[in-house]
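One letter stands for each residue in the lines below.
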Amino acid sequence: MNWDDVQIFLAVYRAGTLRGAAQQLSIDQTTVGRRLTSLERALGSRLFLRATGGLVLTDNGQQVLTTAEEMERLAVSFKRRGEGADERVAGEVRVTTTDALAVDFVVPAIERLRTSHPEVRVILSTTTRLFDLARREADVAVRTLRPEQPELIVRQLGRWEVGLYATQRYLEQHGEPQPGEGFAGHDIALYQRGVTGRQDDTLAGESRRLGRVVAELDSSLMLATFVRAGLALGELPDYLAQRDPKLIRVWPERRRAKPYEAWLVLHQDLARTARVRVVVEAIAEMFAH
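As the structure is a prediction and not an experimental result, all values here were calculated from the model.

Scoring rules and cut-offs
Residues numbered from 1 in each chain as written. Predicted model: local features only at pLDDT ≥ 70, side-chain atom pairs only at ≥ 80, totals over all residues. Heavy atoms only, no water. Buried < 20%, exposed > 50% of the residue type's maximum accessible area, 1.4 Å probe, protein only. Helix = DSSP H or I, 4+ residues; strand = E, 2+ residues; numbered from the N terminus. Pairing = 2+ DSSP bridges. Core = buried A, V, L, I, M, F, W, Y, C linked by side-chain atoms within 4.5 Å. Contact = heavy atoms within 4.5 Å. Salt bridge = Lys/Arg side-chain N within 4 Å of Asp/Glu carboxyl O. Axes fitted to C-alpha atoms, helices over the stretch in contact; angles between N-to-C directions. Phe/Tyr/Trp six-rings, centres within 6.5 Å; stacked < 30°, edge-to-face > 60°. Lys NZ or Arg CZ within 6 Å of the ring centre and 35° of its normal.

Bringing the pairing of strand 12 (residues 234–237) into the picture now. The side-chain alternation of strand 12 yields two buried faces, one formed by Gly234 and Leu236 and the other by Glu235 and Pro237. Of the strand pairs in this sheet, strand 7 (residues 162–167) and strand 12 are connected by four bridges, and their pairing is antiparallel. Counted as the bridge partner of Tyr165 is Gly234 from strand 12.

Listed below in structure tokens is the structure:
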């Protein structure tokens, strides 16, 4: 199989539509359709069927998928290894993290980096989705979950208690919650379902069964912003309170069972690439302050 055609096959598989694949690859939809047809003709079989939700793999397409993904892994590895000896402190470095960690740590690190290494250009993506570093969706990731893939280099950047926080305005309006009352009469802000696996039916170990859930947010930044506005109680990592005097910790002796962690992740093939190395060092230094 031609590698260019394989890239199109994988893009169609992941996007589910010709249009989505074209957007991923920055080419026109007609080219995607033509190259996919060419690949099917070369293989002598249909790879996709049209369904209600888009294009789905045929049985033959499913068999081709394994080979295509292996070709992709080898191609990406080949490119990474070629870049590994690059000692030029210049060029693009793709970084992915959450919006909260971006605002509090990564953007300030990039600001410093612009002074010391102005020819390094950081492409920053903020999302709760875990980018696949093996597929080169990103070069460096700052994550709240520790990955387990053996080919990745992992370094812990921070670990903080998660406590219950409110503002003075909120406490004046609602009073302080009382242990054992299940947050009766109190407003609560939570993560949306699926954003994190660390959220349960408690806040700082106290059942929230009687509390009013007034907001469900899709990121740590939005949760912190909502609590800072005095609109609800919420669980936040304690480093935020150290930076913002408006946040008051309720029940300082209580905490969530699972802490808030930050992990720096990169593929081992890029560990010696100069431009990646300076970005990694800048981010690590910002967390160390």
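Below, the discussion takes up the nonpolar core. In this structure, Val95, Leu101, Leu157, Leu236, Val279, Ile283 and Phe287 are the most contacted members of the largest nonpolar core, which totals 44 residues. When residues in this core are grouped by element, the largest group, nine residues, is from helix 9 (residues 274–288). Once residues within four sequence positions are removed from consideration, Phe287 is found in contact with Leu101, Phe105, Val142, Leu157, Trp160 and Ala262.

In this structure the tally under the stated criterion is 13 salt bridges. Its salt-bridge partner being Asp187, residue Arg212 comes within 2.7 Å of it at the nearest N-O pair. Of this pair, Arg212 sits in strand 11 (residues 212–217) while Asp187 is found in strand 8 (residues 187–191), placing the two residues 25 residues apart along the sequence. Relative accessible area serves as the criterion here: at 40%, Arg212 is assigned to the partly exposed category. Where Glu206 meets Arg254, a salt bridge forms, and the shortest distance between an N and an O atom there is 3.1 Å. With Glu206 in strand 10 (residues 206–207) and Arg254 in the loop between strand 13 (247–250) and strand 14 (260–267), the pair connects residues that are 48 residues apart, well separated along the chain. Residue Glu206 is classed as buried on the basis of its relative accessible area, which comes to 7%. According to the relative accessible area criterion, Arg254 is partly exposed, its value standing at 25%. Through salt bridges that share partners, Arg159, Arg198 and Glu261 make up one connected network.

Right, let's get into the sheet that holds strand 12. Working definition: the strands of a sheet are paired by backbone hydrogen bonds and lie parallel or antiparallel to each other. Pairing in this open sheet of three strands is antiparallel, and the strands run 12-7-13 from one edge to the other. Looking at strand neighbours, the two that pair on one side only are strand 12 and strand 13, the edges of this open sheet. Pairwise comparison of adjacent strand axes, ignoring direction, gives a mean angle of 60° for this sheet.

The next subject is unusual backbone geometry. One non-glycine residue, Ser26, adopts positive backbone phi at about 60°. Residue position: Ser26 is located in the loop between helix 2 (18–25) and helix 3 (29–43). If you check the backbone angles, Trp251 has positive phi at about 55° while not being a glycine. Mapped onto the fold, Trp251 is located in the loop between strand 13 and strand 14.

The description of two aromatic rings rests on the distance between their centres and on the angle between their planes. Under the counting rule described, the total for this entry stands at nine aromatic pairs. Pairing Phe105 with Trp160 gives two aromatic rings, centres 5.9 Å apart and planes at 20°, and the pair type is stacked. Of this pair, Phe105 sits in helix 5 (residues 99–116) while Trp160 sits in strand 6 (residues 152–160); the two residues are 55 residues apart in sequence, bridging distant segments of the chain. Considered together, Phe105 and Trp160 belong to a single accessibility category, that of buried residues. Ring pairs connect the aromatic residues Phe105, Trp160, Tyr239, Tyr260 and Phe287, which therefore count as one cluster. One residue, Arg254, lies across the ring of Trp251, its end atom 4.9 Å from the ring centre.

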